[in-house]
Amino acid sequence: MKLKRFVFGLLALVGAGFLIACTPSTKTADYQRIVEGQLDIRNHFEYQGDKITFMETTTTIIYSAYGLDGPEDAEEQMLAQGSANWDGVEGITHEVDYQEDRLIETTSIDMKKVDLATLNELLPIETEDGKIPEYVSYSMTKENFQDQGYTEVKDGKYKELE
């Protein structure tokens, strides 16, 4: 009887170890696009394999660079451009901090919770067949970002907006 318990215990331990070893580990990546005196866009990704599981974008915009007169003018522009559409969507956290000379917009998307059809309405996801994808590809996103002039940030060492 003790041998039977020992064997079952050993099998359970080996099984648990196998499950842990086979679970894809989460990796992270950070990208930045900065235009001095105008804007700073920072993107943080968490992904497993090629599947993005979480993404956060923080955008800082200097009002004067875009002809905005201050926080009230910036808020009016943001609302006119549909920034409120991101509010209240399951899986998405969206905040805009209107400061004296700039705004800081932070959008977090939990890809495990967000409906991709809804996300596609807010942030169109291009696919070859025009259909809504089953997931957002990290490799395609990385390539797209590099084509748009984003640079990869290592060890959280972002450049600061002057």
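Cut-off values and rules
Residues numbered from 1 in each chain as written. Predicted model: local features only at pLDDT ≥ 70, side-chain atom pairs only at ≥ 80, totals over all residues. Heavy atoms only, no water. Core = buried A, V, L, I, M, F, W, Y, C linked by side-chain atoms within 4.5 Å. Buried < 20%, exposed > 50% of the residue type's maximum accessible area, 1.4 Å probe, protein only. Helix = DSSP H or I, 4+ residues; strand = E, 2+ residues; numbered from the N terminus. Contact = heavy atoms within 4.5 Å. Phe/Tyr/Trp six-rings, centres within 6.5 Å; stacked < 30°, edge-to-face > 60°. pLDDT = per-residue confidence, 0-100. Pairing = 2+ DSSP bridges. Axes fitted to C-alpha atoms, helices over the stretch in contact; angles between N-to-C directions.

Judged by nonpolar contacts, the single largest core of 26 residues is most densely connected at I52, I109, M111 and L119. The set of elements that each furnish at least two residues to this core consists of β1 (27–35), β2 (39–48), β3 (51–62), α2 (71–80), β5 (102–110), α3 (116–122) and α4 (138–147). A total of four residues in this core trace back to one element, the largest contributor, which is β2. Residues in contact with M111, not counting those within four places in the same chain, are I52, T53, F54, M55, L116, L119 and V136.

Scanning all chains against the criterion turns up six aromatic pairs. With a centroid separation of 4.4 Å and an interplanar angle of 25 degrees, the aromatic rings of F145 and Y150 are classed as stacked. The exposure class assigned to F145 is buried, which follows from its relative accessible area of 12%. Residue classification places Y150 among the buried residues on the basis of a relative accessible area of 10%.

Now for the confidence of the model for the chain. Considering every residue of the chain, the mean pLDDT works out to 85; 85% of them sit at 70 or more. Confidence drops under pLDDT 50 across residues 6–11; counting only partners more than four residues distant or on other chains, this segment forms zero contacts. The low-confidence segment residues 15–21, where pLDDT is below 50, has zero contacts with residues more than four positions distant or belonging to other chains.

Reading across from one edge, β4-β5-β3-β2-β1-β6 is the order of the six strands in this open sheet, with antiparallel pairing throughout. The open sheet has two edge strands, β4 (92–98) and β6 (151–153), and neither has a second partner. Between one strand and the next, the sheet's axes are offset by a mean angle of 20 degrees, whatever the strand orientation. Relative to β5, β3 runs antiparallel, the two being bridged by nine bridges. In the strand pairing of β5, I62 is matched with R102. Each of β4 and β5 is contacted by α2, which is oriented at about 150 degrees to β4, the strand it contacts most. Strands β1, β2, β3 and β6 of the sheet are contacted by α4, whose axis makes an angle of about 160 degrees with β2.

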